[in-house]
Amino acid sequence: MTRFSDELRLIADQASDGPADMAEKVLRGTRRQRTVTLASAAAALLALTLTGAVLMGGSPGGGTISTKVTDVLPASGVAPASRAYHDFCGRQWEPGRNTSALGDRTCAQWRLVTRTGQSFRVPEAVSVYSEQSAKNYMNTSAPLEISSDGRRIAYYSEKDQRFAVRDLDSGQIWLSPQTITRAAMVKAGGVLQISPDGRFLGMNGPGGSNSVLDVETGKVTEVPQGWQIQRVPNGGTPVVVTKDRQLGLLADGKVKTLTTDAKVVNVSELSPDGRTLAYLDAGTAHSGPGGLNITLHTIYLPSGEISGKVELRDTPKDFSAMRIGGWLSTTEVVVADRARGAWGKAPEDVPTLGDITYGIDLTTGRVRELARYTYRAWAGDMSIPGF
């Protein structure tokens, strides 16, 4: 699995961990799923993740948008998505105990919010695995990914027992050729990576079934054993992969290793010209007087050489830059961090969960806030385009 985040557990662990251990924990972010449960204020420190869904006022281009679910996702004619989320029906979630009572309810389904502010249930996409147990409670949310342009979504379809890609405007649905049972998904999970235009789907699936699917032609490209898909570009190649935190490029059936001494934990989309990647290196994160210091690296793909590195400057308090997304320009990438705070002063207060996106200037390290995605709930999961 990749990109599974345990930031809040870090808060409880910081008192006993040294700087190196703390940096490792903050930067080991994966994306298997992100679920939070807060039965009390103390439980907040042990909760495993944060989620976000609603673009709030005060953000560039923002304004408060209603998240009222109006209907089931129409067959076609849906505007590009701005995010998708579920919130366990607004109920408190107890890992290994009450998921079966919540997971099959209509209100637990993925909700897709469009750029025009409409909100729809997506019943065809599995959201919560109700079969979770006390030993397997982190595999609770099924994946739903949104292409960077917002026009297509990828998810696990239980009806078809396959991964699916759906075009929101035309309504066309493409299915992966391999059958994957729900039982296999519950046991091992599955991580999806969709290209910015939604044509190519990277599947880190159960049982090591890693491959890239061109949904429009049906062509499947197998990923060599041991390598995990991190990014699939428009055009389908080169695929960005990692193995033991080493970075590589897959093209023509072979992987070219780009790094041998790095500890790559998160990778951006390809730059606009397709020649550069930005990535986080756990080895260059360290604890300083102001908190965690983070260095972003860039690598020039044609030569495989590190083309730059910059330490982030003027970061907000508790900033950790867990995930890197797309590019705003040739020198600025987007990162997403968990929105912390607003947890409430009493255990009965519903916490505010969310994500904040920032633009990072790779020449100066300057950080600027772009948008806030927050909502109030006890638990949930969330997906935004490009991450």
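What you see is a predicted model; the values in this text were computed from it and never measured.

Participant: Can you tell me about the state of the cysteines, naming the residues and giving the values?
Facilitator: Disulfides are covalent bonds that link the sulfur atoms of two cysteine residues. Counted by the stated rule, this structure contains one disulfide. Note that Cys89 is cross-linked by a disulfide to Cys107, the S-S spacing being 2.0 Å. Taking the sign of the S-S torsion, about 95° here, the bridge from Cys89 to Cys107 comes out right-handed. In this pair, Cys89 sits in the loop between strand 3 (81–86) and helix 4 (99–103) while Cys107 sits in the loop between helix 4 and strand 4 (111–114), placing the two residues 18 residues apart along the sequence. Relative accessible area serves as the criterion here: at 24%, Cys107 is assigned to the partly exposed category.

Participant: So what about the sheet that holds strand 12 (residues 210–214)? Which residues, and what values?
Facilitator: A sheet is described by the order of its strands in space; here four strands give the open sequence 10-11-12-13, paired in antiparallel fashion. The two strands at the open ends of the sheet, each matched to only one other strand, are strand 10 (191–194) and strand 13 (220–222). With strand direction ignored, the average angle separating the axes of adjacent strands in the sheet is 20°. By the bridge criterion, four bridges tie strand 10 to strand 11 (residues 200–204) in an arrangement that is antiparallel. By the bridge assignment for strand 11, Ile194 is matched with Leu201.

Participant: Describe in detail the pattern of salt bridges, supporting the description with residues and values.
Facilitator: Inspection of the entire model under this criterion finds 15 salt bridges. For Glu216, the salt bridge goes to Arg152, with nearest N and O atoms at 3.0 Å. Of this pair, Glu216 sits in the loop between strand 12 and strand 13 while Arg152 sits in strand 7 (residues 152–157), placing them 64 residues apart in sequence. Overall, the relative accessible area of 41% leaves Glu216 in the partly exposed class. Among the salt bridges present, the one from Arg366 reaches Asp314, with a minimum N-O distance of 1.9 Å.

Participant: Which residues make up the environment of Ser141, and what values do they have?
Facilitator: Mapped onto the fold, Ser141 is located in the loop between strand 5 (119–121) and strand 6 (144–146). Ser141 sits in the buried class, given a relative accessible area of 2%. Sequence-wise, Ser141 and His86 are 55 residues apart; in three dimensions their C-alpha atoms are separated by 9.2 Å. A distance of 3.0 Å separates a polar atom in the side chain of Ser141 from a polar atom in the side chain of His86. Of the polar contacts made by the side chain of Ser141, one reaches the side chain of Asp381; its length is 3.4 Å.

Participant: Tell me about the packing of aromatic side chains, and name the residues and values.
Facilitator: For the structure shown, the criterion picks out two aromatic pairs. Their ring planes at 75° and their centres at 6.1 Å tell us that Tyr156 and Phe163 sit as a pair that is edge-to-face. Both residues of the pair, Tyr156 and Phe163, belong to the buried class. Between the aromatic rings of Phe319 and Tyr358, the centroid separation amounts to 5.1 Å while the plane-to-plane angle is 85°, which identifies the pairing as edge-to-face.

Participant: Give a description of the side chain of Asp281 that names residues and reports values.
Facilitator: Turning to its location among the elements, Asp281 is positioned in strand 19 (residues 276–281). Although Asp281 is buried, it makes no salt bridge; Lys263 carries the closest opposite charge, 7.0 Å away. A polar atom in the side chain of Asp281 sits 3.2 Å from the backbone nitrogen of Lys263.

Participant: Describe the sheet that holds strand 8 (residues 162–167), listing the residues and the values that go with them.
Facilitator: Strand order in the open sheet formed by four strands is 6-7-8-9, with antiparallel pairing between adjacent strands. Of all the strands in the sheet, just strand 6 and strand 9 (173–175) have a single pairing partner and so form its edges. Here the average twist between neighbouring strands, direction ignored, is 20°. Examined bridge by bridge, strand 8 and strand 9 share three bridges and lie antiparallel to one another. Its bridge partner lying in strand 9, Ala164 is registered against Leu175.

Participant: So what's going on with the confidence of the model for the protein? Residues and values would help.
Facilitator: Residues of the protein with pLDDT of at least 70 account for 75%, and the chain-wide mean is 78. For the stretch residues 1–67, pLDDT sits under 50, and the model shows 207 contacts to residues farther than four places along the chain or on other chains. Confidence over residues 342–346 falls short of pLDDT 50; this stretch has 10 contacts with residues more than four positions distant or in other chains.

Participant: Run through the nonpolar core, naming residues and quoting values.
Facilitator: Soluble globular proteins tend to bury their nonpolar side chains together. Of all hydrophobic cores here, the largest spans 20 residues; its most connected members are Leu296, Leu312, Phe319, Val333 and Ile360. Per-element tally for this core: the top contributor is strand 26 (residues 352–361), with three residues. The next biggest cluster of nonpolar side chains, apart from the first, holds 17 residues, and it includes Tyr156, Phe163, Val165 and Ile180.

Criteria and cut-off values
- Residues numbered from 1 in each chain as written.
- Predicted model: local features only at pLDDT ≥ 70, side-chain atom pairs only at ≥ 80, totals over all residues.
- Heavy atoms only, no water.
- Disulfide = S-S within 2.5 Å.
- Helix = DSSP H or I, 4+ residues; strand = E, 2+ residues; numbered from the N terminus.
- Buried < 20%, exposed > 50% of the residue type's maximum accessible area, 1.4 Å probe, protein only.
- Pairing = 2+ DSSP bridges.
- Axes fitted to C-alpha atoms, helices over the stretch in contact; angles between N-to-C directions.
- Salt bridge = Lys/Arg side-chain N within 4 Å of Asp/Glu carboxyl O.
- Polar contact = N/O pair within 3.5 Å; in protein donor to acceptor, adjacent residues only side chain to side chain.
- Phe/Tyr/Trp six-rings, centres within 6.5 Å; stacked < 30°, edge-to-face > 60°.
- Lys, Arg positive; Asp, Glu negative; His and termini not counted.
- pLDDT = per-residue confidence, 0-100.
- Contact = heavy atoms within 4.5 Å.
- Core = buried A, V, L, I, M, F, W, Y, C linked by side-chain atoms within 4.5 Å.

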